[in-house]
Amino acid sequence: MSKILHRSIHADLQVAAGGLGVELFDADGKTYIDACGGAAVSCLGHSHPDVLAALHAQLDKLAYAHTGFFTSEIAERLADRLISDSSNGIDYVYLVSGGSEAMEAALKMARQYFVEKGESQRRHIIARRQSYHGNTLGVLAAGGNEWRRAQFKPLLVETHHIAPCYAYRDRLAGENEYQYGERVANELEAKMLELGPDEVIAFVAETVVGATAGAVPAVEGYFKRIREICDRYGVLLILDEVMCGMGRTGTLHAYKQEGIVPDLVAIAKGLGGGYQPVGAVLIGRHVYDAFATGSGFFQHGHTYMGHPLAAAAALAVQDVIREHGLLDNVVRMGNLLDRRLQERFHQHHHIGDIRGRGLFRAIELVADRGDKSPFDPARKLYAAVKREAMARGLMVYPMGGTIDGVRGDHVLLAPPFIVSAGQIDTIVERLGDAVDAAIAGSVADHDSLSQVAVG
Ligand code: PLP
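The rules behind these values
- Residues numbered from 1 in each chain as written.
- Predicted model: local features only at pLDDT ≥ 70, side-chain atom pairs only at ≥ 80, totals over all residues.
- Heavy atoms only, no water.
- Helix = DSSP H or I, 4+ residues; strand = E, 2+ residues; numbered from the N terminus.
- Polar contact = N/O pair within 3.5 Å; in protein donor to acceptor, adjacent residues only side chain to side chain.
- Contact = heavy atoms within 4.5 Å.
- Pairing = 2+ DSSP bridges.
- Axes fitted to C-alpha atoms, helices over the stretch in contact; angles between N-to-C directions.
- Near = heavy atom within 4 Å.
- Areas by Shrake-Rupley, 256 points an atom, 1.4 Å probe, with all protein chains shown as cover.
- Core = buried A, V, L, I, M, F, W, Y, C linked by side-chain atoms within 4.5 Å.
- Buried < 20%, exposed > 50% of the residue type's maximum accessible area, 1.4 Å probe, protein only.
- Domains from an automatic or database assignment.
- Buried area = accessible area lost by both parts, 1.4 Å probe.
- Salt bridge = Lys/Arg side-chain N within 4 Å of Asp/Glu carboxyl O.
- Nonpolar A, V, L, I, M, F, W, Y, C, P; charged D, E, K, R; others polar.
- Expected span 1.5 Å × (residues − 1).
- pLDDT = per-residue confidence, 0-100.
- Disulfide = S-S within 2.5 Å.
- Parallel < 35°, antiparallel > 145°, perpendicular 65-115°, else oblique.
- Left-handed = near helix turned anticlockwise from the far one by under 90°.
- Patch = residues over 30% accessible without salt bridge, like charges linked within 9 Å, V, L, I, M, F, W, Y side chains within 5 Å.

Here we come to the side chain of Arg355. The topology assignment puts Arg355 in strand E13 (residues 351-357). Of the polar contacts made by the side chain of Arg355, one reaches the backbone oxygen of Ala213; its length is 2.6 Å. Polar contacts involving the side chain of Arg355 include one to the side chain of Asp353, which spans 2.9 Å. Ignoring any residue separated from it by four or fewer positions in sequence, one finds Arg355 in contact with Tyr166, Tyr168, Ala213, Gly214, Ala215, Val216, Phe360, Arg361, Ala362, Glu364, Thr402 and His410.

Right, let's talk about the sheet that holds E13 for a bit. What the four strands build is an open sheet, ordered E13-E14-E17-E16; its pairing is antiparallel. Where the open sheet ends on each side, the last strands, each with one partner, are E13 and strand E16 (397-400). The average angle at which neighbouring strand axes cross in this sheet is 20°, direction not considered.

Below, the discussion takes up the site of the ligand. Around the ligand sit Gly98, Gly99, Ser100, Tyr132, His133, Gly134, Glu206, Asp240, Val242, Met243 and Lys269, and those are all the residues in its vicinity. One nitrogen or oxygen atom from the side chain of Ser100 is found 2.6 Å from an oxygen atom belonging to the ligand. Between the ligand and the protein, one listed contact pairs a nitrogen atom with a side-chain N or O atom of Asp240 at 2.7 Å. Protein contacts shield 80% of the accessible area of the ligand, which totals 390 Å² for the unbound molecule.

Time to look at the nonpolar core. Membership of the largest hydrophobic core comes to 53 residues, with the highest contact counts inside it found for Leu188, Met192, Phe203, Tyr222 and Ile226. With 45 residues, the next largest nonpolar core counts Leu44, Val320, Leu337 and Leu341 among its residues.

The subject of this paragraph is the domain arrangement of the protein. Split by domain assignment, the protein resolves into domain 1 (16-34 + 325-454) and domain 2 (50-323). Taken over C-alpha atoms, the centre of domain 1 sits 27 Å from the centre of domain 2. Each side of the interface is counted separately: domain 1 has 31 residues, and domain 2 has 33 residues. Here domain 1 and domain 2 share an interface that buries about 2,600 Å² over both sides, 57% of which is from carbon and sulfur atoms. Applying the counting criterion to the domain 1 and domain 2 interface returns two salt bridges. Among the salt bridges present, the one from Arg169 reaches Glu364, with a minimum N-O distance of 2.7 Å. Seen at the junction of domain 1 and domain 2, the total is 17 residue pairs in polar contact (both at pLDDT 80 or more). At the level of secondary structure, the elements contributing two or more residues to the side of domain 1 that touches domain 2 comprise helix H13 (326-345), E13, strand E14 (360-365), E16 and strand E17 (409-413). The element contributing the most residues to the side of domain 1 that touches domain 2 is E13, with five residues. When the residues that make up the side of domain 1 that touches domain 2 are grouped by side-chain class, the tally is 15 nonpolar, nine polar and seven charged.

For helix H8 (residues 177-195), with 19 residues, the first-to-last C-alpha span of 28 Å sits near the 27 Å given by 1.5 Å per residue. Listed as buried for H8 are Tyr180, Gly181, Glu182, Val184, Ala185, Leu188, Glu189, Lys191, Met192 and Leu195. Structurally, H8 contributes buried residues whose contacts are with strand E5 (124-128), strand E6 (160-162), helix H7 (167-170), strand E7 (200-206) and helix H9 (222-233). Put simply, Asn176 is the residue that caps the front of H8, since its side-chain oxygen is 3.1 Å from the backbone nitrogen of Tyr178. Remark: Gly196 follows H8 within two positions and exhibits a positive phi of approximately 95°.

If you trace the seven strands from one edge of the open sheet to the other, you get E4-E12-E11-E10-E7-E5-E6, paired in mixed fashion. Every other strand in the sheet has two partners, leaving strand E4 (90-96) and E6 as the edge strands with one partner each. The average undirected angle you get between the axes of adjacent strands in this sheet is 20°. With four bridges connecting them, strand E10 (residues 236-241) and strand E11 (residues 264-267) associate as parallel partners. Opposite Leu239, over in E11, you have Val265 as the bridge partner.

When pLDDT is averaged along the protein, the result is 96, and 97% of the positions lie at 70 or above. Predicted confidence for residues 443-455 stays below pLDDT 50, and this span has three contacts to residues more than four positions away or in other chains.

This brings us to the state of the cysteines. In protein structure, a disulfide is the covalent linkage between the sulfur atoms of two cysteines. Inspection of the entire model under this criterion finds zero disulfides. Here Cys43 stays unpaired: no disulfide links it, and the sulfur of Cys244, its closest cysteine neighbor, is 13 Å away.

Attention now goes to the packing of H8 against H9. Where H8 meets H9, the axes come as close as 8 Å, and the angle between the chain directions of the two elements is 20°. As judged from the angle between their axes, H8 and H9 are roughly parallel. For the crossing formed where H8 meets H9, the hand is right-handed. Judged by residue contacts, Gly181, Glu182, Val184, Ala185, Asn186, Leu188, Glu189, Met192 and Leu193 of H8 engage Tyr222, Arg225, Ile226, Ile229, Cys230, Arg232 and Tyr233 from H9. Tallied by class, the residues present in the contact of H8 with H9 amount to ten nonpolar, two polar and four charged.

Taken together, the side chains of Leu137, Phe152 and Leu155 present a nonpolar region at the surface, about 280 Å² in accessible area. In this structure Leu137 comes out as partly exposed when scored by relative accessible area, which is 42%.

This part takes up the pattern of salt bridges. A full pass over the atoms with the stated rule returns 28 salt bridges. Glu73 is paired through a salt bridge with Lys61; the nearest N and O atoms lie 3.9 Å apart. Here Glu73, found in helix H3 (residues 73-84), pairs with Lys61, found in helix H2 (residues 49-61); they are twelve residues apart in sequence, far enough to count as distant. You can call Lys61 exposed: its relative accessible area is 61%. The salt bridge involving Arg340 is made with Glu343; its shortest N-O contact spans 3.2 Å. Of the two residues, Arg340 and Glu343 are both situated in helix H13; the distance of three residues between them amounts to about one turn of the helix. On the basis of relative accessibility, which here comes to 24%, the residue Arg340 falls in the partly exposed class. Put simply, Arg81, Asp85, Asp319 and Arg322 are held in one network by salt bridges that share partners.

Written out as structure tokens, the structure reads:
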């Protein structure tokens with residue numbers, strides 16, 4: 001019996017024994033194509049030799065030095081690199097150990113920014129429903145993932161939520177995509193006016209929504225309007241690119257496809273590709289300057305921030321992506337993945353939407369394509385898809401509660417940037433079989449259950 005409190009105590013977990021390229025293998029020797037990078041983490045796949053070499057070299061040089069005493073050459077090099085790859089105006093980096101830490105730091109930075117500027121009355125964070133920004137209490141409060149928040153509500157600070165930009169579900173008949181985007185973006189202004197705009201700190205959003213709703217990009221014009229509203233009221237725009245950033249959608253930063261520059265950006269998963277726990281906040285110059293000309297420090301910190309091994313892994317991952325031109329592969333293979341998903345599921349009675357960007361794609365499962373009605377949440381169809389996929393040697397990231405935290409199922413795909421055309425074909429083939437088997441099995445289970453209940 002395991003002594004670990006696993007994510008699910010009753011889950012029957014295989015032991016991961018190793019990995020190579022796009023595959024992981026378990027202790028029994030079974031191989032799995034990692035078509036979701038775990039949770040959109042393993043952007044270079046597994047055991048990349050350049051990253052392993054960089055980690056060995058760093059370990060031989062310096063494993064750890066507390067950042068209250070020293071900086072390190074490798075952390076400085078990573079920061080230089082991240083800034084040279086960022087937009088004009090984003091000039092500094094805060095290095096942490098993961099996505100929740102990055103988002104927590106971004107929220108606190110935003111608050112302290114206004115304290116430094118003498119606007120300490122600003123206290124409200126506005127985010128979106130059906131979003132996720134991490135599991136620690138501050139960012140759990142900001143997030144709009146209802147099932148993750150529910151039991152912790154008494155501990156969560158007050159935050160405010162507006163609608164997501166989720167055209168498949170929420171665009172009205174007679175509204176084009178642009179009009180829809182303007183309408184939901186304008187909810188931000190309405191919320192600011194309700195709260196008092198000079199009391200709002202920041203608006204927080206995933207540039208492309210990840211696991212909560214399944215690779216949902218905003219419609220054209222949405223983020224431009226959001227940026228305008230934030231600018232009008234002097235509110236900071238914090239983009240959470242923990243999952244969708246660092247090349248996942250085909251550009252290094254997902255926001256580049258929106259034609260805007262945020263004030264703060266959180267990155268994590270693809271930054272270090274799973275080779276080390278690492279995250280970062282990319283910081284607008286104006287935010288940094290407020291600290292520099294004010295108190296001179298950011299009132300925050302973690303023991304492992306700026307860890308040399310984490311920095312070495314992240315820098316090596318980013319070097320490989322650049323040197324091997326992998327963002328081009330993300331675009332090419334992303335387009336191919338979209339085509340194959342369309343071919344396999346376009347006519348499928350139980351697939352309502354196929355969406356995403358780059359190598360960040362999802363299918364949304366529905367009971368009926370015609371009226372978009374979801375499956376009964378009690379079926380936990382998403383869990384059945386995961387089981388059926390694993391049985392076929394395929395890792396995908398299915399999730400329930402797509403629509404409102406309870407109803408809806410989707411399957412998220414986030415294969416490594418090194419994936420080949422042949423592997424894309426295999427992924428879609430196995431996924432198609434897994435989805436069909438899950439639906440067939442689920443219907444059967446459900447029918448037998450309801451028969452028992454009726455009987
Ligand atoms: N933000 C987003 C968009 C995420 O997808 C996640 C994790 O899935 C997080 C934040 C939290 O990151 P971590 O699990 O590394 O703390």
